[in-house]
Amino acid sequence: MSTATRPPSRTQYHRAVKEDLTETPHPEWVEAMTANLAPEWTGVLKSPLFAATTQEPFPAGVWRGVLLEFFCVVEAFPKYMGAYLARTTFGQKPGDILARDWLIGNIRTEALHAQWYIDWGAALGISYEEMVSHRPGPEVGALYEFLWSMAYRGSLAEAFGAINYAIEGVTGDWTRLVLPAFKEYCGDDKHALMWLIEHAEYDDAHPREALELIKITAREDEREQVEAAIRRSLELFRRAFDAMI
């Protein structure tokens, strides 16, 4: 008598998907791309906002404005990913199955980040109503719209590059710069620090996995466009931060 076997649970399967995206040696074109993008990546981290945050007095008012402005991007992250999830196939293109399942598994994680971000804002005196009703200025608005453009009209590789690799990747770096100052300002309020801690202290694998997905999904004839999308995302991120101070 045959015995029916149950398929792996969603959690187990998502772990398997992540194992398939273990970091691999970079091909020459990826090595060249990351080297070419180093000035823009470093440029984000050199925004005066981060230098000011590490000095006394702590610029609480400035960060209140930062959090209000960038909520639209944080809240939209799972929506961005849903837009290019809808454009994946099931095995018709290289890497599409893996890209599809990675996006499905991570959209819920990104949805949690919006609540953590609201908790962070509350520690700076921002009410829920104020946060969710805020309309961003032109600099953050330009970043927000560019990421939507990549999600809807870019290739999968461009979307992974501009959204998951560029924004999430450099966010891991800038949050490490400012976390000590926020720990001193917020004290032991772990609720308030969860968004920062998740991005700065824990191994946020999304950018690394996104780079693996870029390697898998990028056609040879679109590698320059992928690099350009990442560069533009970093440039707009820097401009948005600079407009805050």
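Whatever comes next refers back to the structure up there.
The present account deals with the structure reproduced in this document. Not measured: the values here are computed from a predicted model. (Residues numbered from 1 in each chain as written. Predicted model: local features only at pLDDT ≥ 70, side-chain atom pairs only at ≥ 80, totals over all residues. Heavy atoms only, no water.)

Overview of the overall build of the protein
Looking only at helices and strands, one finds 12 helices and zero strands in the protein. Each helix and strand of the protein, ordered N terminal to C terminal, gives the series α-α-α-α-α-α-α-α-α-α-α-α. Its C-alpha atoms give the protein a radius of gyration of 19 Å, within 12% of the compact-globule value 18 Å for 245 residues. Taking the principal axes of the C-alpha coordinates as reference, the protein spans close to 70 × 45 × 30 Å. Looking at the protein as a whole, 50% of its 245 residues qualify as buried. (Helix = DSSP H or I, 4+ residues; strand = E, 2+ residues; numbered from the N terminus. Rg over C-alpha atoms; globule rule 2.2 N^0.38 Å. Buried < 20%, exposed > 50% of the residue type's maximum accessible area, 1.4 Å probe, protein only.)

Observations regarding the nonpolar core
Grouped together as the largest cluster of nonpolar side chains are 79 residues, with contacts concentrated most on Trp 63, Tyr 80, Tyr 84, Trp 174 and Phe 182. Those residues in contact with Trp 63 that lie beyond four places of it in its chain are Leu 49, Phe 50, Thr 53, Phe 58, Trp 120, Leu 124, Trp 174, Val 178 and Phe 182. (Core = buried A, V, L, I, M, F, W, Y, C linked by side-chain atoms within 4.5 Å. Contact = heavy atoms within 4.5 Å.)

Let's talk about the packing of aromatic side chains
According to the stated counting rule, one finds 25 aromatic pairs in the structure shown. Aromatic pair Tyr 80 and Trp 148: ring centres 4.9 Å apart, planes at 75°, arrangement edge-to-face. One end of the pair, Tyr 80, is in helix α5 (residues 60–85); the other, Trp 148, is in helix α8 (residues 138–153), and 68 residues separate them in sequence. Per residue, the accessibility class of Tyr 80 equals that of Trp 148, and both read buried. Judged by centre distance (5.7 Å) and plane angle (75°), the rings of Trp 102 and Phe 160 are edge-to-face. Of this pair, Trp 102 sits in helix α6 (residues 96–123) while Phe 160 sits in helix α9 (residues 156–186), placing them 58 residues apart in sequence. Among the residues examined, Trp 102 registers a relative accessible area of 0% and is labelled buried. (Phe/Tyr/Trp six-rings, centres within 6.5 Å; stacked < 30°, edge-to-face > 60°.)

A few points about the environment of Val 140
Tracing the backbone through its elements, the reader meets Val 140 in helix α8. In sequence terms Val 140 and Ala 157 are 17 residues apart; their C-alpha atoms lie 23 Å from each other. Ignoring anything within four residues of it in the chain, the contact list for Val 140 reads Glu 69, Phe 70, Cys 72, Val 73, Ala 240 and Met 244.

Side note on the packing of helix α2 (residues 28–36) against helix α3 (residues 38–45)
Between α2 and α3, the least distance of the axes is 4 Å, while the angle of their chain directions is 40°. Taken together, the axis directions place α2 and α3 in an arrangement best described as oblique. Residue-level inspection shows Thr 34, Ala 35 and Asn 36 of α2 in contact with α3, the latter providing Ala 38, Pro 39 and Glu 40. Each residue belonging to the contact of α2 with α3 can be placed in one class, and the counts come to three nonpolar, two polar and one charged. (Axes fitted to C-alpha atoms, helices over the stretch in contact; angles between N-to-C directions. Parallel < 35°, antiparallel > 145°, perpendicular 65-115°, else oblique. Nonpolar A, V, L, I, M, F, W, Y, C, P; charged D, E, K, R; others polar.)

Brief notes about unusual backbone geometry
In this model, Glu 56 is joined to Pro 57 through a cis peptide bond whose omega is -5°. Summarising the element assignment, Pro 57 is placed in the loop between α4 (48–53) and α5.

With respect to empty space enclosed by the protein
This model, assessed by the stated rule, comprises one cavity of 30 Å³ or more. Within this model, the largest cavity holds a volume of roughly 240 Å³. If you trace the largest cavity, you find 20 residues lining it, with Val 74, Ile 167, Thr 171, Trp 195 and Phe 237 closest to the centre. In the lining of the largest cavity, the residues fall into 15 nonpolar, three polar and two charged. (1 Å grid on protein atoms, 1.4 Å probe; cavity = no way out; pocket = protein on both sides within 12 Å on 5 of 7 lines; lining within 4 Å. Points joined across faces, edges and corners; volume = space filled by probe spheres on them.)

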